[in-house]
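Listed below are the residues making up each chain.
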Amino acid sequence: MNRFLIQIKRELWEHKGALITTPIVALTIFVVLTILAGVAGRGVVQDSQFILQHDGMMSFYSYSSDGQQQSFVYHKGINGLTTIPDTTAQNSPMSLLPALPYIAFDHLAWLIALIYLLSCLFTDRKDKSILFWKSMPVSEWQNVLTKTFMAALVIPAIAWIAASAYNLFYLLFMTIWSLFSSVHHPDLLFQPQAVLTTAWSFLGSYLATSIWMLPFISWILLVSACAKKTPFLYLVLPLLALVLIEYTVLGSHHISQIIGSYINVSDPRAEQNMLNMSGWYHVWNVLSSVQFWLGLAATAGLLYTTVWLRENRFEN
Amino acid sequence: MNTTTNHAAIIKAQGLHKQYGDFKALNDVSFRIFPGRIVGLIGPNGAGKTSLLKGILGLSTLDGELSVLGLKPMKERTKLLEQVSFIADTAILPSWLKVHQAIDYVAGVHPKFNREKAQAFLAKTTINPKSRIKALSKGMVTQLHLALVMAIDSKLLVLDEPTLGLDIMYRKQFYSSLLEDYFDEQKTILITTHQVEEIENLLTDVLFIDRGHLVLDSSMDDISQRFSQLSVSTEGRQKVLEAGLRPIYEEARLGGASLLFEGVDPETLAAFGKIHTPSIADLFVAKVSTANEGRPQENQAPNIQWKETGQ
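It should be emphasised that the depicted structure is a prediction, and the values quoted were computed from it without experimental measurement.

(A) Main features of the overall build of chain A. Scanning chain A for helices and strands turns up 13 helices and 3 strands. Out of the 316 residues belonging to chain A, those deemed buried represent 51%. Counting contacts in chain A only where the partners sit at least 6 residues apart, residues at least 24 apart contribute 70% of the total.

(B) Highlighting the overall build of chain B. The helix and strand inventory of chain B stands at 11 helices and 13 strands. Per-residue burial over chain B gives 54% buried out of 311 residues. Carbon together with sulfur atoms contributes 48% to the accessible area of chain B, which is approximately 13700 Å² in total.

(C) Molecular detail of the packing of aromatic side chains. What the rule picks out here adds up to 19 aromatic pairs over all chains. Here A:Phe132 and A:Trp133 contribute two aromatic rings whose centre-to-centre distance is 5.1 Å and whose plane-to-plane angle is 65 degrees, an arrangement assigned as edge-to-face. Here the two residues A:Phe132 and A:Trp133 agree in accessibility, since each one is buried. Ring geometry for B:Phe208 versus B:Phe284: centroids 5.1 Å apart, planes at 85 degrees, classification edge-to-face. With B:Phe208 in strand 8 (residues 205–210) and B:Phe284 in helix 11 (residues 280–293), this residue pair connects regions lying 76 residues apart in the sequence.

(D) The confidence of the model for chain A, seen in detail. All names here are of chain A. Looking at chain A as a whole, the pLDDT averages 80, with 73% of positions reaching at least 70. Averaged over each element, pLDDT in chain A is lowest for helix 7 (residues 186–189) (50) and highest for helix 9 (residues 214–226) (95). In this model residues 73–95 is a low-confidence stretch, pLDDT under 50, and it forms 56 contacts with partners more than four residues away in sequence or in other chains. Low pLDDT, under 50, characterises residues 270–274; the predicted model gives this stretch 9 contacts beyond four residues in sequence or across chains.

(E) How the structure looks around the pairing of strand 2 (residues 23–33) of chain B. Residues and elements named next belong to chain B. As paired elements, strand 1 (residues 11–20) and strand 2 share 8 bridges and run antiparallel to each other. Bridge pairing links Leu-16 to Val-29 in strand 2. Here strand 1 folds back onto strand 2 in antiparallel fashion, the turn holding 2 residues, of which Gly-21 has a positive phi close to 65 degrees.

(F) Inspection of unusual backbone geometry at higher detail. Residue and element names in this part refer to chain B. Despite not being glycine, Glu-161 shows a phi value in the positive range, around 50 degrees. With respect to the secondary-structure elements, Glu-161 resides in the loop between strand 6 (156–160) and helix 6 (168–182). Phi is positive for Arg-211, which is not a glycine, with a value near 50 degrees. Assignment of secondary structure puts Arg-211 in the loop between strand 8 and strand 9 (213–219).

(G) Main features of the interface of chain A and chain B. Of the residues lining the interface, 27 residues belong to chain A; the matching set on chain B comes to 30 residues. Both faces considered, chain A and chain B share a buried interface measuring about 2900 Å² in area, 64% of it formed by carbon and sulfur atoms. Where chain A packs against chain B, one counts 2 salt bridges. For A:Arg3, the salt bridge identified is with B:Glu82, shortest N-O distance 3.9 Å. At the boundary of chain A and chain B, one finds 3 residue pairs in polar contact (both at pLDDT 80 or more). Looking at the side of chain A that touches chain B, the elements with two or more residues in it are helix 1 (2–14), helix 5 (130–134) and helix 13 (290–312) of chain A. Tallying contributions element by element places helix 1 of chain A first for the side of chain A that touches chain B, with 7 residues. Looking at the side of chain A that touches chain B residue by residue, the classes come out as 9 nonpolar, 7 polar and 11 charged.

(H) Quick look at a nonpolar patch on the surface. Residues and elements named next belong to chain A. A cluster of nonpolar side chains, Phe-232, Leu-233, Tyr-234, Leu-237, Leu-240 and Leu-244, forms an exposed patch at the surface whose accessible area comes to about 570 Å². Looking at the element boundaries, Phe-232 is found in helix 10 (residues 231–249). Take Phe-232: its relative accessible area is 46%, and that puts it in the partly exposed class.

(I) Representation of the pattern of salt bridges in the model. Tallied over the entire structure, the rule returns 19 salt bridges over all chains. Two residues, A:Glu11 and A:Lys147, come together in a salt bridge whose shortest N-O distance is 2.7 Å. Of this pair, A:Glu11 sits in helix 1 while A:Lys147 sits in helix 6 (residues 140–179), and the two are 136 residues apart along the sequence. Since its relative accessible area comes to 1%, A:Lys147 is described here as buried. Where B:Arg171 meets B:Glu198, a salt bridge forms, and the shortest distance between an N and an O atom there is 2.5 Å. One end of the pair, B:Arg171, is in helix 6; the other, B:Glu198, is in helix 7 (residues 196–199), and 27 residues separate them in sequence. Judged by its relative accessible area of 22%, B:Glu198 is partly exposed. Taken together, the salt bridges that share partners define one network made up of A:Asp124, A:Lys134, A:Glu140, A:Arg310 and B:Arg77.

(J) Layout of the confidence of the model for chain B. In the predicted model, chain B carries a mean pLDDT of 85, and the fraction of residues at 70 or more is 91%. In the model, residues 2–6 of chain B has pLDDT below 50 throughout and makes 6 contacts with residues more than four positions away in sequence or in other chains.

(K) Broad picture of the UniProt feature "transmembrane region" (unreviewed entry) in chain A. The feature "transmembrane region" (unreviewed entry), as annotated in UniProt, sits at residues 20–40, 102–123, 144–177, 197–220, 232–250 and 290–309 of chain A in this numbering. What you have in residues 102–123 of chain A is 91% helix and 0% strand, and the ends, taken at the C-alpha atoms, are 30 Å apart.

(L) How the structure looks around the sheet that holds strand 3 (residues 38–42) of chain B. All names here are of chain B. Taken together, the 6 strands give an open sheet; going across it, the order is 5-6-7-3-8-9, and neighbouring strands pair in mixed fashion. Edge positions in the sheet fall to strand 5 (84–87) and strand 9, since each has one partner strand and no second. Going from strand to strand, the sheet's axes swing by 15 degrees on average, the running direction of each strand aside. Direction of pairing for strand 3 relative to strand 7 (residues 188–192): parallel, over a ladder of 3 bridges. Along strand 7, the bridge assignment pairs Val-39 with Leu-190. Across the face of the sheet, helix 5 (residues 138–150) comes into contact with strand 5 and strand 6 while running at roughly 175 degrees to strand 5.

(M) Seen up close, helix 12 (residues 279–287) of chain A. Every buried residue of helix 12 of chain A is accounted for by A:Gly279, A:His282, A:Val283, A:Asn285 and A:Val286. Projected onto a plane normal to the axis of helix 12 of chain A, the buried residues spread over an arc of 165 degrees and lie on a single side.

(N) Spotlight on the sheet that holds strand 13 (residues 274–276) of chain B. Residues and elements named next belong to chain B. The strand order across the open sheet formed by 4 strands is 11-12-10-13, and the pairing between neighbours is antiparallel. Two strands in the sheet have a free side with no partner beyond their single neighbour: strand 11 (249–253) and strand 13. Looking at each pair of strands side by side, their axes are set apart by 20 degrees on average, direction ignored. Bridge count between strand 10 (residues 227–233) and strand 12 (residues 256–262): 7 bridges; the pairing is antiparallel. In the sheet register, Ser-231 faces strand 12, and the bridge partner there is Ser-258. The strands touched by helix 9 (residues 234–242) within the sheet are strand 10, strand 11 and strand 12, with strand 10 carrying the most contacts at an inclination of about 130 degrees.

Criteria and thresholds
- Residues numbered from 1 in each chain as written.
- Chains lettered and ligands numbered in written order.
- Predicted model: local features only at pLDDT ≥ 70, side-chain atom pairs only at ≥ 80, totals over all residues.
- Heavy atoms only, no water.
- Helix = DSSP H or I, 4+ residues; strand = E, 2+ residues; numbered from the N terminus.
- Buried < 20%, exposed > 50% of the residue type's maximum accessible area, 1.4 Å probe, protein only.
- Contact = heavy atoms within 4.5 Å.
- Areas by Shrake-Rupley, 256 points an atom, 1.4 Å probe, with all protein chains shown as cover.
- Phe/Tyr/Trp six-rings, centres within 6.5 Å; stacked < 30°, edge-to-face > 60°.
- pLDDT = per-residue confidence, 0-100.
- Pairing = 2+ DSSP bridges.
- Buried area = accessible area lost by both parts, 1.4 Å probe.
- Salt bridge = Lys/Arg side-chain N within 4 Å of Asp/Glu carboxyl O.
- Polar contact = N/O pair within 3.5 Å; in protein donor to acceptor, adjacent residues only side chain to side chain.
- Nonpolar A, V, L, I, M, F, W, Y, C, P; charged D, E, K, R; others polar.
- Patch = residues over 30% accessible without salt bridge, like charges linked within 9 Å, V, L, I, M, F, W, Y side chains within 5 Å.
- UniProt positions renumbered as here; feature names shortened; annotations may be inferred.
- Axes fitted to C-alpha atoms, helices over the stretch in contact; angles between N-to-C directions.
- Arc of directions from axis to C-beta.

Encoded structure:
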């Protein structure tokens, strides 16, 4: 266990900029923008009111300084979005609000994961440090599985924490904001259960994405272990070649469709709208798909090849 | 090594071969290394040293029979590296790592690492534990690497050109630390270096390798008994040859020659001039020259570093 933890620490030390600093900077930017928007918005909104609807949903009406009515809809969670009778709303429903940070950080997480994975088995060969790591009694299986674990679970976990932290900040900030505006019902404007429900739901959604992305993660690891230089080209060109060959020879698009199902990182099962149901449903949805299990078999093969390359072929 | 000891050999190599395309990096290499020895693996670039070390460390496959501490290096590398340490060269510690992180990492993954010992060694240096490796001089990086390696209670330490690129001060410090703070009768050191003169006095045994062939496997004690170097004048050289004595190698010197003999009684040679035990460098040149005379010209050896060919 200690050995596994120190391996995780090593990854965090080495990729601190991507794994820690980047989410913190993104979170800081979101917080600053929110504060600026709040300060600017306070001058615009002159009056507002809540109307409790019959199904428990809430409408929030505000009036801008020029007397025009703006309306938003807010509700308790994300599960009932499609039932909201949003007849008066002209703008986006506010029910998306607690979900937005998770969607944004999810995309950021997979961008970070892509950069991390491409470099993690490449830079140690490039900077010659591979022989130092190889002088330690750590097997390549331990190494490769640690990096898989980082991409599939640690990076999304950091993103989830950052998104949750933003929502907590937003809850607090808007509570304070409402005290300085004409809105005097902070408990109505910010419902903690909505934040919690969203957090719980996206925990499932993130997990579903992680297990869905395992073949893609292992493909990038293989590329990282294989590339002599410019791993990104090694990542893209073979896939592009496969797509072109299939299209030229067979006239079909199956490979591009499979690749597309992994690139659409926020939604492992494209036919489902993630906001319509709890993210935990996606876990079940992924586990019950044939493509996931085929992908898992491909993951095993790709990881085995990656380990073989690390054990039998290296350069410095 | 041919040295007989009461211990079992920690490295047993029998008929080792390694081929890269048409080039034979190792050709039927056999030897044994026993505990408590400091063995110099001597050879020019491309001789097969690195191929051999990579095989011993489980970083590359070798044909033939190879056992290190009773383990198959390639198949049991992780287990092997709990008992074997190595420094491949001076610049392989990752530049982003901080000194204290390096200690934490090795302490976390190596069951035989002694953190206090490493810290005590570093305390003697000017290295700041909070520094990143990239902020250290090359000599400091070597000191850090040595501190990490010496704090591991390993049975075998493999050093491949450990002082390459270091100035004379660091080189001296490196070897004196190795002897004073690390080496004991339970440990074995296998070392390669181009600066043979610097380690000559440390070595208990030597393995000479050239073009993939092992040309000498001997203890230093045995060398002083088997080999003699005779310094003679030009006339003296003629007398030696007339007496039927055949040197394995001779070199012209100012006003005379230096003749190297194998298996000739030193008392016999003393009658012709001044005799002494040959240096490792002289002996190496002699043995390699002799071996090459008996071998057909082979392909030019590529300089195989710590990477596979064909990449």
